[in-house]
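# Coordinate inspection notes
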Amino acid sequence: MNMPAFEFSQGQMKPMLVTSAALGVVESKPVSNFVDGQSIYSDGERAGQVYRVEFGAVRVYRVLASGRRQILDFHLGGNWFGLQNEDFRRSSAEAIGTTGIKSISLRETRYIWQGLLPVVLENFSSAQEHQLVIGRQSALERVAAFLLEMSNRAGGTCRFDLFMPRIDIADYLGLTIETVSRALTKLKNGSIIRLQGTRGVEIVNYRALQNLCL
């Protein structure tokens, strides 16, 4: 039976709450390990699986007609992804660093998709938020909104590590890597953030960062 499925290819801001039936099925599944850059699924593949990140992170992206990659979202531990409303994938997913994934077949497990409705709703909300971020006119506003999003995903802390490389940030925000670097430097020079190594970020002036997004 061809079971209904859904996809709004954006990630969750926090681990999703799903029904006990759905959780019970996924907990019985083994963890599949992926290395950095390894494909989890590709554009054009037949759909039918839903995935949960156990550890590590995942990027979901499309390749535009121009050949440029557009990252649709990032998924962290506890996040579900891969739900879609068509028979074939319209995006690709790759591991960021060493990543563990569990998967459920929507066709083999009858009605399990119904237990994932909260994922659909949260993905839809997150998709709307991402459109607001990339719809901002200035690169500084986009980078500021991105840092606030990453702070939120890290539990609201002002100190966190960016788990993705800067080229991923650029492709997520629709910018070049040079533009992202300049924006981060401007925020640093304005005493709004501190950069710690290649991935560490500390938000020094949270209100100022928020004001850039108003």
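First, a word on what this report is: a plain description of the structure on this page. (Residues numbered from 1 in each chain as written. Predicted model: local features only at pLDDT ≥ 70, side-chain atom pairs only at ≥ 80, totals over all residues. Heavy atoms only, no water.)

## What about the side chain of D171?
Checked against the element boundaries, D171 lands in helix α4 (residues 166–173). Taking relative accessible area as the criterion, D171 reaches 8% and is therefore assigned buried. Once you skip the residues sitting within four places of it in the chain, D171 turns out to touch R68, R69, Q70 and I71. (Helix = DSSP H or I, 4+ residues; strand = E, 2+ residues; numbered from the N terminus. Buried < 20%, exposed > 50% of the residue type's maximum accessible area, 1.4 Å probe, protein only. Contact = heavy atoms within 4.5 Å.)

## Topic: the pattern of salt bridges
Tallying each qualifying case throughout the model produces 10 salt bridges. One salt bridge connects D73 with R153, and the closest N-O pair in it is separated by 2.7 Å. Residue D73 is found in strand β4 (residues 69–75), and its partner R153 is found in helix α3 (residues 139–153); the two are separated by 80 residues along the sequence. Each member of the pair, D73 as well as R153, carries the same accessibility label: buried. As a salt-bridge pair, R90 and E86 come within 3.1 Å of each other at their nearest N and O atoms. Judged by its relative accessible area of 40%, E86 is partly exposed. Residues joined by salt bridges that share partners form a network here, namely R59, R69, E94, D168 and D171. (Salt bridge = Lys/Arg side-chain N within 4 Å of Asp/Glu carboxyl O.)

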